[in-house]
Every structure is written in C-alpha cells, then in structure tokens.
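# Chains, contacts and geometry: an overview
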Amino acid sequence: MAAPSSARALNAILPQIPTAPYEAHQKARTFASRYVKSSQYDTAIDVLFQSARELFKTGQPGSGSDLTNFLLDVYETKGEAVNEESRGRLTQLIALAGSSGGWRKTIIDKSIAWSAKHGACPAGDPDLQHYVGELLYKEGSFEAAERHLLASGKRDSAWILAEMFIQWASASGTYGHFALKGTIPYLLNGNVLAARSFIKHFTAGLPPLVRLESDSTIPVGEKDEVTMTKDSLVNFSQMAVLTCQRAQGDQNKVMRESWVRLCGTYQGKSGLLASPEIRSCLSEIATLYFAIPPPRNQAANPFGDMMSSLFGGPAQTQTARRVLAPTHTGAPGLD
C-alpha cells in the first residue's frame, strides 16, 4: 500500500511502466528528486523502491538498477539506519535484479557499504551479507559467495559455507585446504562460534574416502569432540578451534602451551601450514587469543619463535596488537 504522500507520484508512474518504461523511469527520478530537495526522504524512498521493483518485474534491469542506486543515495542523504524494513527493500531488489550484467553487483556493493556505515557491524550488516552469500551460493558462484558468508559471521552462514566448501573441494579432493579457508578467517575475526559451527558441519559432510575406517571420535571435555580423519589439515582445524575456544589470553598457560605444540606438530606434517601466509595468520591468532607476542622476524622456525615469545624471549617492537578479552562468550552477531 503506497504511503499517502507518495500515492500521487506512484499513480502517475506505475501504470506507465508496462507500456512506456523509459518515460516511467524518468518520472520516478523527477518525483524523487523533488521530494529529496524538500527533505521528504521517506516519500522519495517509497517512490524509488516501488518504481524500481516494478521495472525489474517487467524486464527493465537497467532502469530498475538506476532507481535502486538512487534509493541508496537517498538512504545516505537521510542517514537511514539498518533495520528490517530498510534491509528488506534492498534484498527484494537484489533478488529481482538477476545475475546477468553488472547491475546487481553494483547494487550489492553499494548496499553493503551503506550497511557498514549506518549499521552496527564495520564489515556490513550480517543479515544482508548472509542473504547475498546464500543467493550467490545457490547460483553456483562459490568464489563470490565466500567473502559474504565469511563477513556475515552468522551460524547459518557458517553452515552454508561448510556445505559449499565440501562441494567445491570434491573436484580436487583438497578438503584440508578448504577446512583452513573457513576456519582461519573466522578465528581471525574473533568469531570462535562461527569457526566452530563451520568446522563441525564441514567435518560431518566429508565423504567416506577422507574418514578413518574405525571409530575415530575423540571426546574433548564434557561437550566437545574431534573426529580424526585422513587429512591432517582437517584434524588441525578442529583442534585449533577447540583450543581457541578455551583461550583466556595470558591467563591460561596450559592453553597457550597447547596452541604452540599444536602448531609445531602440524606444521611438520603439512607444507601448507608452514607457508609464510598461513604462518602469519597463525601468529596473529596466537597473539589474538593467547597474548603470545608475534615473532621478531619471519625466521625459518616459526614454532621456535612462538616458543621463545611464550617463555619470555625477545618481543616484537610493535605499536599495537589485537588481543581478545579473556572470556568464554561468543563473538557478537552470531545467532
């Protein structure tokens, strides 16, 4: 139902869209511009949203995208907050935009930038990121979906990411590589619960050829467990999450030492874990969760560097380090 103040404009625009879409598009821009100039932002938003939606439905993605971008400009001008209604308009229009051409990507990028600026999450609204990631996953655009599912950090996003990575890895059989691709980014974001949801779902979805023949489930504590597999990277990913889950900064010496031993053991088993990129990530995780200072340089023995840092060796001269507060609670934003 059109808002009373937008009814006049929409009565002039919407009936014209099926027969004269270009003229209707121009009318929508004209009406919206007038409303913006008189600071009637909500009216402009309603006109642009309904006009764009109908243009998309009648096969006019270019005109629909133009009005959607105008809508986002009005969001910015007004300072529209991220909420169910403002997000819902965008998800409807993104769904209608279709995958052909570059229009939808422009809308997605601009929508996420708006949500990052006017919402609570610097990486963009988690629900919006989840919606986009799931949409791209269902279309088979795995690479594009990956960054949105990681940025979302929601439990459902972690589950979808796990399912997608299982499918993606099936062609090459590099399941351990994909286990790390999901686990490490979530841990670096301080989102242990998302990392845990991901790796549990990922491990449960592994094909029989990766699993051990005998019962290989090892209980950890009262509620957790590790399912040992033939892939050392999958095993490492599970244990890394559980170790970080129990971290308390520099207050839990046992967990700090466990992390160092875990990295040292598995870096000897996998060349990927010993690569400079992964070593750097593990060093940052060590600092973030266990308050272990980073090594002074990229030496050939990262395990030795970590041990030295742990037991009082020379510390890196660094202006600031990210360290999580000692807590067992999950990351904010994970449903």
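What counts and how
- Residues numbered from 1 in each chain as written.
- Predicted model: local features only at pLDDT ≥ 70, side-chain atom pairs only at ≥ 80, totals over all residues.
- Heavy atoms only, no water.
- pLDDT = per-residue confidence, 0-100.
- Contact = heavy atoms within 4.5 Å.
- Core = buried A, V, L, I, M, F, W, Y, C linked by side-chain atoms within 4.5 Å.
- Buried < 20%, exposed > 50% of the residue type's maximum accessible area, 1.4 Å probe, protein only.
- Helix = DSSP H or I, 4+ residues; strand = E, 2+ residues; numbered from the N terminus.
- Axes fitted to C-alpha atoms, helices over the stretch in contact; angles between N-to-C directions.
- Parallel < 35°, antiparallel > 145°, perpendicular 65-115°, else oblique.
- Left-handed = near helix turned anticlockwise from the far one by under 90°.
- Nonpolar A, V, L, I, M, F, W, Y, C, P; charged D, E, K, R; others polar.
- Pairing = 2+ DSSP bridges.
- Phe/Tyr/Trp six-rings, centres within 6.5 Å; stacked < 30°, edge-to-face > 60°.
- Lys NZ or Arg CZ within 6 Å of the ring centre and 35° of its normal.
- Polar contact = N/O pair within 3.5 Å; in protein donor to acceptor, adjacent residues only side chain to side chain.
- Expected span 1.5 Å × (residues − 1).

When the pLDDT values of the chain are averaged, the result is 89; 87% of them are 70 or greater. For residues 306-319, every residue scores under 50 in pLDDT, and the model assigns this stretch 26 contacts once sequence neighbours within four places are set aside. In this model residues 327-335 is a low-confidence stretch, pLDDT under 50, and it forms 17 contacts with partners more than four residues away in sequence or in other chains.

What follows covers the nonpolar core. With 90 residues, the main nonpolar core has Phe198, Phe202, Phe236, Trp259, Leu282, Ile285 and Tyr289 as its most contacted residues. In contact with Phe236, not counting residues within four places along its chain, are Leu180, Leu262, Cys263, Tyr266, Leu273 and Leu282.

Along the polypeptide, Ala32 turns up in helix H2 (residues 21-37). Sequence separation between Ala32 and Ser6 is 26 residues, and the spatial gap between their C-alpha atoms is 9.5 Å. Every residue in contact with Ala32, bar those within four places of it in the chain, is listed here: Ala44, Leu48 and Phe70.

Their axes nearest at 9 Å, the elements helix H3 (residues 41-57) and helix H5 (residues 84-97) cross at an angle of 20 degrees. Here H3 lies roughly parallel to H5, going by the angle between them. Crossing hand, H3 versus H5: left-handed. On the side of H3, the interface is formed by Ile45, Phe49, Ala52, Arg53, Phe56 and Lys57, while H5 contributes Arg89, Gln92, Leu93, Leu96 and Ala97. Each residue belonging to the contact of H3 with H5 can be placed in one class, and the counts come to seven nonpolar, one polar and three charged.

This brings us to the pairing of strand S1 (residues 217-220). Examined bridge by bridge, S1 and strand S2 (residues 224-227) share four bridges and lie antiparallel to one another. Among the inter-strand pairings, Val220 is bridged to a residue of S2, identified as Asp224. Linkage of S1 to S2, two consecutive antiparallel strands, is achieved through a turn of three residues, within which Gly221 is found at a positive phi near 70 degrees.

Backbone geometry at Ser39 places phi at a positive 60 degrees, although glycine is not the residue there. Looking at where Ser39 falls in the secondary structure, it is placed in the loop between H2 and H3. Located in the positive-phi region is Ala291, a residue other than glycine, with phi close to 55 degrees. Turning to its location among the elements, Ala291 is positioned in the loop between helix H14 (276-290) and helix H15 (302-310).

Moving on, we get to the packing of aromatic side chains. In this structure the tally under the stated criterion is 13 aromatic pairs. A centroid spacing of 5.7 Å and a plane angle of 55 degrees characterise the contact between Phe236 and Tyr266, whose relative ring orientation is tilted. Remark: Tyr266 occurs in helix H13 (residues 253-267) and Phe236 occurs in helix H12 (residues 232-245); sequence separation between them is 30 residues. Plain terms: the ring middles of Trp259 and Phe290 are 5.4 Å apart, the flat faces sit at 25 degrees to each other, and that makes the pair stacked. Within this pair, whereas Trp259 is found in helix H13, its partner Phe290 is found in helix H14, the two being separated by 31 residues in sequence. Taken individually, Trp259 and Phe290 each receive the classification buried, so the pair is uniform in this respect. The rings of Tyr137, Phe142, Phe165, Trp168, Phe178, Phe198 and Phe202 are connected pair by pair, giving a single aromatic cluster. For the cation-ring pair, Arg34 lies above Phe31, with the distance from its terminal atom to the ring centre recorded as 5.9 Å.

With that settled, consider the side chain of Thr229. For Thr229, the position within the fold is in the loop between S2 and H12. Here Thr229 falls in the buried class, since its relative accessible area comes to 7%. A distance of 3.1 Å separates the side chain of Thr229 from the backbone oxygen of Asp231, its partner in a polar contact. Apart from the residues lying within four places of it in its own chain, the contact partners of Thr229 are Leu206, Val210, Leu212, Val234 and Asn235.

Turning our attention to helix H7 (residues 126-138). The terminal C-alpha atoms of H7, which comprises 13 residues, lie 18 Å apart, in line with the 18 Å expected from a rise of 1.5 Å per residue. Where H7 is concerned, the buried positions are Pro126, Leu128, Gln129, His130, Val132, Gly133, Leu135, Leu136 and Tyr137. Looking one or two residues beyond H7, the residue adopting positive phi is Gly140, at roughly 85 degrees.

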